[in-house]
Each structure stands twice: as structure tokens, then as C-alpha cells.
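Structural overview
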Amino acid sequence: MNRRAWGWVAHLTDGGTTPWADWSGEAEPCAEVVPGAQQLELLRRLNLAGGVGAELATTVVASDPPRRSRPSLPLVGGGDVPDHGPRPVDPADVPDGELARLASVLLAQRLASTTLEPAPEVLRPRVWRTRYHLRGDPEVVVPLRRHLVADGRPPGGRHPRVVIVGTDTGQLLVDLWTAQSLRHGAPPWHEWLAATVRQGRLPEQVDLPRLARRELDAGVDRRAVHVVTDPALAAGLLGVRRLPDRPVLSAAAADLGRRVASALRPMARPPRRARLTTEVLRPWLETDDGPALVVPPRHREWVTGRAEHMVGELTRGRYRVHGDPALVRPTERPADNPGVGAAASSRTLALAVRLLLGTPRDES
Amino acid sequence: MTRRVLLHVGTPKTGTSHFQDVLFRNQRILRKQGVLYPAERFDAHFLAALDLMQLPWGGLEDEAVGAWDALAEKVRHFHDRHPDGTAIISHEILAIASRAQAERAMASLGHPDTEIHVVLSVRDLVRQIPAEWQENVKHRRELPYGKFLAQVRDPERATPIGSWFWGVQEVPDILDRWAAGLPAERVHLVTVPRPGSPPDLLWQRFSTTFGLDDLELDVEAERANPSLGVPETTVVRRINVKANKVVPPADYRPLVRELLAHQTLSRRRRSPRLNLPPADHAWVAPLQQSWIDTVRDRGYDVCGDLDDLVGDPPPADWADPDHPDEAQVADAAIDAIRALLVDNARLMHVEHDLHERVGHLERELEKAYLRPTYRWREKTVRRLQASRVGRLALRGYRFARGRSSRSA
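Source: prediction; values computed, not measured.

1. As for the overall build of chain A
In terms of helices and strands, chain A carries 13 helices and four strands. Considered along the principal axes of its C-alpha atoms, chain A spans approximately 75 × 45 × 40 Å. Burial analysis of chain A (364 residues in total) assigns 41% to the buried set. In chain A, once contacts between residues fewer than 6 apart in sequence are set aside, the share between residues at least 24 apart is 79%.

Here it is, written out as C-alpha cells:
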């Protein structure tokens with residue numbers, strides 16, 4: 001019986017795509033233990049998606065599922081199985097989410113072994129620059145700050161103005177979750193959002209009036225606090241002509257990023273991890289043009305309520321507001337691109353498979 | 001000459017904290033006897049284990065990157081200098097390692113040229129199942145006991161709870177992963193004595209297994225992982241439900257896990273103890289017996305008695321932590337509040353003292369500023385800085401003085 005399992009391993013490492021249930025060939029054992037169902041099914045999916053080189057096939061077969069999930073599972077009908085240990089399964093029954101988790105570990109290993117280019121040269125601080133601090137939507141302010149620093153405009157200095165960047169409240173929440181996911185992993189979007197709704201208030205990082213009040217409480221002059229409800233308006237306040245492009249990750253890309261960032265944590269220290277995520281992982285993820293993540297219908301009413309609350313507070317605030325406060329209200333997505341309220345595991349897995357194979361977007 | 005490594009790989013809740021604490025505090029004595037316990041901090045092997053298994057752990061993994069290789073390097077270096085020395089590595093979460101990770105660990109420690117012994121301390125499931133739930137609760141989990149048990153019973157083990165529980169508690173499977181390539185005489189089981197046994201019996205078994213019997217060690221328990229009763233565990237779980245979102249992990253550890261659970265609630269010994277529900281004894285007993293049979297057949301070295309793994313029968317009056325006696329819970333909660341008040345008062349005094357010290361320093365600083373010489377120097381510098389010639393003169397003075405600082 002064990003010979004049948006080893007026959008399937010050989011078939012898959014040679015690029016085969018036959019499911020385990022249909023397999024009947026045999027081969028001599030190559031090791032003490034047959035690789036797990038998750039590894040073998042992932043290898044089969046990779047073969048289905050395109051050619052897998054011998055090196056990648058070996059890496060997949062030798063990989064380990066993350067230790068917070070099920071360990072390597074024996075194949076049902078794949079040989080004698082002891083009374084103890086995990087029960088055997090048909091690899092076709094391994095959920096896509098579990099395969100995506102394993103693929104994320106492989107992508108994280110690839111990331112961790114990446115040699116980074118020397119850090120880009122940063123211009124000396126310009127003498128005549130606008131002094132600023134940036135707060136708000138992390139998917140806007142983090143790349144914007146990086147862009148400004150590289151351009152000789154570091155934050156801080158004497159009497160800086162505080163620019164708090166906002167937008168549609170639903171997008172603010174998506175952006176905050178995406179930023180946290182890519183920084184160190186986070187719970188899935190639906191779990192994170194449900195926990196936020198249970199809290200009953202917006203997280204401070206995207207609660208624009210609360211951010212502004214905090215600055216005032218810290219003694220910042222009210223004329224120096226600027227809330228923008230349209231990110232494009234931040235450019236003028238910062239003394240630059242335009243903001244850098246801001247690619248929005250698809251739901252599948254954000255979900256995969258969350259998984260890879262989590263798997264990367266034990267492999268790289270925070271400073272290197274931050275660079276790997278920003279300079280390598282993000283460009284990989286931005287190649288996916290699937291539907292974007294949005295607030296699912298069951299939480300829209302709550303988000304709209306919080307947005308209305310923000311509109312009221314921004315209107316009454318003792319600080320400057322640039323743009324219509326109503327812009328923080330959730331907007332309707334275009335009918336041809338409505339977005340999705342959760343990432344489908346199948347799409348996350350498909351993206352992970354494509355990235356492992358190194359397939360460009362137009363061939364996917 | 002034989003290089004030896006004793007690798008203690010689990011299981012959790014078998015007195016491992018105390019054992020590791022004794023080794024950590026007695027490193028010098030051990031070293032004089034040719035025994036290395038390489039650790040700069042008491043949890044050094046925990047970080048190494050996280051690194052070996054690439055295991056996220058609430059942010060602690062950030063400190064763990066490269067820790068296993070560093071640990072293995074210390075062991076190899078020690079053996080280069082002491083070819084007949086013994087190194088001890090111990091952490092209970094190593095029990096979850098996959099076969100490949102176990103092989104990598106052993107290779108990094110010098111296997112097969114080095115004589116590796118795997119040690120597994122084990123306790124009956126009747127005590128381990130409730131203890132694992134309690135450990136989960138002390139690690140911020142919110143799930144009730146019934147839900148935990150349902151996930152443990154699920155044969156699919158598809159949830160993180162089920163997967164983790166069996167990963168660190170299924171004795172034959174742990175030994176399949178860690179001891180597959182070792183002769184039986186290099187695999188050692190230490191059984192946790194049955195309830196009511198002498199308190200130092202477990203230490204004696206560890207001591208014998210690790211060859212420490214002839215050493216004068218300080219075995220006083222400074223760091224242990226004490227257990228909680230039913231109402232106390234309920235209090236911690238309810239705190240988790242209410243406070244998890246507002247108390248970050250770094251604050252939770254000292255406040256809830258250490259101050260409340262370990263230092264306060266674990267001292268309440270008269271409350272009902274946490275036990276396995278009577279109905280679960282029916283499936284646990286045959287499973288446990290099958291493990292005993294498997295281990296006995298393999299012929300491993302056992303320190304203690306494999307029959308220690310046969311759990312006690314269910315108590316006559318089982319207390320359900322999901323439906324606890326609310327008066328007992330309230331009583332435990334009052335003790336928790338009292339502990340927090342006492343600690344808060346202590347911190348208020350610390351804060352008050354610090355305010356006084358800051359005020360004193362500010363007054364001293366003020367006095368220094370008010371001295372005529374200081375004011376004269378400050379005025380001079382200000383005047384010099386107002387003109388180009390003055391600034392040049394100031395720069396020349398500073399250069400001659402040998403300081404680059406621009407402060408006056």
C-alpha cells in the first residue's frame with residue numbers, strides 16, 4: 001500500500017496532476033515517511049497551474065505546515081497508519097484555506113531568503129520645506145511619508161503642521177486592516193471587522209476627529225491641525241505637487257499578504273521584515289487585479305453610523321477641515337466592480353500558486 | 001569520551017517550569033560538573049524552540065529569530081572544549097515539532113556523532129486536559145470549557161485548539177517525531193507521580209533521568225506554573241472576554257497572568273478543583289491505556305511508573321466551570337480586585353516618589369540657571385550668535401576648547 005503512495009509522490013514530483021483517488025501506480029519508498037497530504041495536494045495544484053521545477057517540487061514536498069494548524073496528514077489508503085497521530089485524509093478534501101496557509105509559508109521562506117538592494121539614497125533635508133506630521137489612513141500616509149523622506153522632506157521640525165488624512169470610512173477600515181495585516185499579520189478581515197464593531201467605535205488610527213483632538217490636547221495650535229477628507233488635498237498642505245500613486249490591493253492579495261506576513265514573523269527581524277514586506281511582497285501582491293475588499297453588507301449600517309458621527313464632529317471641530325466632511329461617508333462601489341466582503345480561499349490559493357510559480361499577471 | 005545532549009521536549013504541565021528554573025539558577029554548579037545549561041535568561045530555550053519551529057507567539061517570535069542556531073552553536077562549542085560533557089536543552093513546546101524540525105534540531109546538535117537522548121515528561125490525560133484548558137485561559141483565550149473539550153474530542157483536529165492539544169500531548173506521536181532514529185535506551189520517559197505523592201518525587205525523577213543526583217543544587221521553587229480552581233479560572237476567562245481588546249499582550253502578562261492568576265488566585269486552594277467531566281473518562285481511559293501499551297512495547301527507559309498515566313476516577317461532586325457557583329466566583333473576583341488595589345496603591349506611591357524626585361531635580365536645575373555666572377555666559381553667547389564675527393569667535397573658542405557641541 002505504501003508503494004502506491006510513493007508512486008504518487010514520484011508522479012507529482014515529475015509534474016503529474018492525477019488526483020490521489022485516481023492513482024494506482026507504485027514506486028519504491030524514498031524516505032521513512034510519506035510527505036503529508038497538504039504538501040502533495042499543493043504540489044498537484046502547482047502542476048495544474050504550470051510547470052514546477054525540480055527545486056520547487058522538492059521544497060514543497062519537504063515543507064511543513066505551520067505548527068498552529070494541522071500537522072502533515074497521512075494519505076487515506078496510503079499504507080499502514082498507527083492508532084495514534086492525525087487521521088488520514090484524501091488530499092482532495094484538504095480545504096483551500098489550509099493549502100493557502102502552506103503556500104504562504106513557502107512564499108515567506110522565499111521572501112526571507114531574498115537579498116535586498118541597499119536602502120535607497122535619501123536626499124539631505126531641504127532647508128525650505130514644509131514641516132509636518134502625518135496621521136490617518138495608513139495605506140496613504142505610510143507610503144507618502146516614505147516618499148517625502150526620500151525627497152528630502154522628513155517629518156518633524158519646528159512648528160510642524162499636523163495633516164490627518166481621511167477618506168470614505170469603509171475604505172479607512174479596509175486600509176487599516178490591510179496595513180496591520182502586512183505589518184505583522186492580523187485575523188481575517190471578517191473577524192477583525194466583527195471585533196471592531198463589537199468595540200462600538202472606530203479604531204483610533206482612523207478616527208479622524210479623535211486624532212485631531214489628541215493633537216489639540218497635546219498642545220498643538222488648532223491652526224496647525226488639518227484634516228483632509230480627500231487624500232489628494234494633502235499634497236498642497238505638504239508643499240508637494242502630487243501624491244505618489246497608491247495601488248489598492250485586491251481582496252485575495254490582502255488576504256495572502258496577511259498570511260505571508262504572519263509566516264514571515266519568525267523568519268526575519270522587524271526592520272528587515274518591514275523592508276521585505278514593502279519592497280518585495282507588496283509589488284508581488286499588486287500584480288493581482290481581482291476585486292477589492294469592501295465592508296460586507298451586515299456591517300455597512302454600523303460603518304455608515306460611525307461615518308455620520310464623524311461628519312458631525314468634523315463639522316463642529318476646532319481645527320481646519322479640507323474637503324467636504326461628507327466625503328467620509330461610505331460610497332457606493334461601481335456596479336461593474338462592487339468588491340467583495342471577504343476573500344475567497346480559492347482566490348487566495350490561486351494567487352499564492354501563481355506567485356510561487358512566478359507567473360506574470362497576463363498569463364494567469 | 002562521549003558528547004551527550006539531553007533534549008527535554010515536553011510535555012507541557014509536567015513540572016517543566018520548575019525544572020528549567022532549577023537548571024537556570026544552578027548553571028555555575030552544573031558547569032563545574034561538566035553539565036551545560038546554556039541560557040542567559042530563564043526562557044532562552046523557549047525562544048530557541050519558537051525559532052526552530054517558526055512559531056508565532058504573540059510577538060515574542062521577533063526576539064527569537066536565529067535563537068535555535070545560536071543555542072546549537074553554544075552546545076557544539078561546549079563539546080569542542082569538553083568532549084565528554086553533557087548539555088541539557090529543555091522546553092515543553094518542543095513537543096509540537098514536526099519530524100523534519102526534530103531532525104534539524106538533532107543534526108544541529110551534532111547527531112549522530114553526539115549522543116542525543118530525548119526526554120519526555122508525561123502526565124495522565126485526566127489531569128492534562130483540564131490543565132491545557134486552564135493554560136489556554138491564562139493565555140488570553142475566551143472559550144468555555146465545553147467548547148474546548150468539543151474541539152479536543154473532534155477526531156479531525158481541524159481547529160487550532162485540537163491541533164495544538166494533540167500535538168503537545170499525544171505521547172506516542174511525539175515520540176514518533178522525536179525519537180524515530182534513536183535506540184530505545186536513549187529515549188526516557190519521566191512520569192508525573194499520581195496525586196497525593198510526595199511533593200519532591202517528580203524532582204527526584206528528573207534528577208535521576210538527567211544524572212543530577214550527586215549534585216548539590218538549590219531546588220527551591222522560584223518559578224512555577226501553579227494551577228487554579230474552578231471559580232478562579234472562570235474569573236480569568238471572564239476578564240479575558242471583557243479586557244482582551246483593551247489590554248495589550250505585553251500588559252496582560254504581568255497584570256493578569258502573573259499578578260492575578262499566579263500570585264493571587266492560585267493561592268486560593270479551598271475552591272473546587274478543575275477536573276475532567278465524568279462523561280469524558282469513558283473515551284480517555286482506553287486511549288490512555290493504548291498509549292501505555294505502545295510505550296511499554298517500545299522498551300523506552302521509564303523513570304517512574306507507566307501506571308502513573310492511568311488517571312484517577314471522576315470525583316463524586318464534579319464542578320462545571322461553565323456553570324460555576326457564582327458566589328465562589330464573586331469571592332475570587334473580590335480577591336482579584338483586592339490584589340489590583342494593593343498593586344495600584346504601590347504604583348501610586350512609586351509615582352508619588354518619582355514626582356518628588358523630578359520636582360527636586362527641577363528645583364536644583366532652576367538654581368543652577370539662576371547663578372549670575374550662568375546668566376552672564378548665556379547672555380554673552382546670545383550676543384555672539386547675533387553677528388557673523390561673533391559666531392566665528394564662538395566657533396574658534398569651541399575649537400580651542402576641544403568640543404564640537406554647539407551648546408553654551
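Back to the text.
2. Thoughts on the overall build of chain B
Helix and strand counts for chain B come out as 17 helices and six strands. Its C-alpha atoms give chain B a radius of gyration of 28 Å, more than 25% over the compact-globule value 22 Å for 408 residues. Taken along its principal axes, the extent of the C-alpha atoms in chain B is 95 × 65 × 40 Å. A total of 408 residues make up chain B; the buried ones form 39% of that total. Intrachain contacts of chain B at a sequence separation of at least 6 include 80% that bridge at least 24 residues.

3. Here we look at the packing of helix H2 (residues 37-49) of chain A against helix H3 (residues 54-62) of chain A
Residues and elements named next belong to chain A. Packing of H2 against H3 brings their axes to within 8 Å, and their N-to-C directions diverge by 155°. Taken together, the axes of H2 and H3 lie roughly antiparallel to each other. With respect to the hand of their crossing, H2 and H3 are arranged in right-handed fashion. Contacts between H2 and H3 involve Gln-39, Leu-42, Leu-43 and Leu-46 on the former and, on the latter, Ala-57, Val-60 and Val-61. Its residues assigned to classes, the contact of H2 with H3 shows six nonpolar, one polar and no charged.

4. Notes on the interface of chain B and chain A
Counting residues at the interface gives 29 residues for chain B, matched by 24 residues for chain A. The biggest single contributor to the side of chain B that touches chain A is helix H9 (residues 160-169) of chain B, with four residues. Among the residues making up the side of chain B that touches chain A, the classes are represented as 14 nonpolar, six polar and nine charged.

5. Considerations on unusual backbone geometry
Residues and elements named next belong to chain B. Here Gly-10 and Thr-11 are connected by a cis peptide whose omega angle stands at 0°. Structurally, the position occupied by Thr-11 is in the loop between strand S1 (4-8) and helix H1 (16-25). Of the consecutive residues His-111 and Pro-112, the connecting peptide bond is found in the cis state with omega at 10°. As for its position among the elements, Pro-112 is in the loop between helix H6 (99-108) and strand S4 (115-122).

6. Concerning the environment of Gly-36 of chain A
Residues and elements named next belong to chain A. With respect to the helices and strands, Gly-36 occurs in the loop between helix H1 (2-13) and H2. The exposure class of Gly-36 is buried, given the 25 C-beta atoms found within 10 Å. In this structure the C-alpha to C-alpha distance between Gly-36 and Gln-199, which are 163 residues apart in sequence, comes to 41 Å. Leaving out residues up to four positions away in the same chain, Gly-36 has contacts with Pro-65, Ser-72 and Leu-73.

7. Remarks on helix H10 (residues 251-264) of chain A
For an α-helix, 3.6 residues make a turn, and residues three or four places apart therefore share a direction. The terminal C-alpha atoms of H10 of chain A, which comprises 14 residues, lie 20 Å apart, in line with the 20 Å expected from a rise of 1.5 Å per residue. A large share of H10 of chain A lies buried, amounting to 14 of its 14 residues.

8. Thoughts on the pairing of strand S1 (residues 132-136) of chain A
All names here are of chain A. Among the five residues of S1, four are classified as buried, and the element is accordingly described as predominantly covered. Judged from the five bridges that link them, S1 and strand S2 (residues 161-165) form a sheet pairing that is parallel. Residue pairing for S2: Arg-135 is matched across the bridge by Ile-164. In the classification by handedness, the crossover that spans S1, the intervening helix H5 (residues 138-150) and the parallel S2 is left-handed.

9. Let's talk about the domain arrangement of chain B
Assigned domains of chain B: these are domain 1 (4-226 + 277-319), domain 2 (228-272 + 325-370) and domain 3 (372-408). A C-alpha centroid distance of 67 Å is found between domain 1 of chain B and domain 3 of chain B.

10. Describing the sheet that holds S2 of chain A
Residue and element names in this part refer to chain A. Pairing in this open sheet of four strands is parallel, and the strands run S1-S2-S3-S4 from one edge to the other. Only two strands of the sheet have a single partner each, and these edge strands are S1 and strand S4 (320-322). The sheet shows a mean angle of 25° between the axes of neighbouring strands, taken without regard to direction. Against the sheet, H5 contacts S1 and S2, and its axis sits at roughly 155° relative to S1. Along the sheet, helix H8 (residues 208-217) contacts S1, S2 and strand S3 (225-228); its crossing angle with S3, the most-contacted strand, is approximately 170°.

11. Some words on the nonpolar core
When a protein is soluble and globular, its nonpolar side chains tend to lie buried together. By size, the foremost hydrophobic cluster in this structure holds 180 residues, and its most contacted members are Ala-103 and Ala-352 of chain A. For this core, the two domains that each supply at least three residues are domain 1 (4-226 + 277-319) and domain 2 (228-272 + 325-370) of chain B. Setting aside anything within four residues of it in sequence, one finds Ala-103 of chain A in contact with Leu-42, Leu-349, Ala-352, Val-353 and Leu-356 of chain A.

12. A word on the sheet that holds strand S2 (residues 35-36) of chain B
All names here are of chain B. Taken in spatial order, the six strands of this open sheet run S2-S3-S1-S4-S5-S6, and their pairing is parallel. Only two strands of the sheet have a single partner each, and these edge strands are S2 and strand S6 (301-303). Relative to S4, S1 runs parallel, the two being bridged by five bridges. Opposite Leu-7, over in S4, you have Val-118 as the bridge partner.

13. Re the environment of Trp-6 of chain A
Residues and elements named next belong to chain A. Take Trp-6: it is sitting in helix H1. Look at Trp-6 and you get buried, because 20 C-beta atoms sit within 10 Å. Taking C-alpha positions, Trp-6 is 8.8 Å from Gly-25, a pair spaced 19 residues apart along the chain. Trp-6 has contacts with Ala-27, Glu-28, Pro-29, Cys-30 and Val-34, leaving out every residue within four places of it along the chain.

Rules behind the numbers
Residues numbered from 1 in each chain as written. Chains lettered and ligands numbered in written order. Predicted model: local features only at pLDDT ≥ 70, side-chain atom pairs only at ≥ 80, totals over all residues. Helix = DSSP H or I, 4+ residues; strand = E, 2+ residues; numbered from the N terminus. Buried ≥ 20, exposed ≤ 12 C-beta atoms within 10 Å, placed from the backbone. Contact = placed C-beta atoms within 7 Å. Rg over C-alpha atoms; globule rule 2.2 N^0.38 Å. Axes fitted to C-alpha atoms, helices over the stretch in contact; angles between N-to-C directions. Parallel < 35°, antiparallel > 145°, perpendicular 65-115°, else oblique. Left-handed = near helix turned anticlockwise from the far one by under 90°. Nonpolar A, V, L, I, M, F, W, Y, C, P; charged D, E, K, R; others polar. Expected span 1.5 Å × (residues − 1). Pairing = 2+ DSSP bridges. Right-handed = clockwise from strand over helix to strand, strands pointing away. Domains from an automatic or database assignment. Core = buried A, V, L, I, M, F, W, Y, C linked by C-beta atoms within 7 Å.

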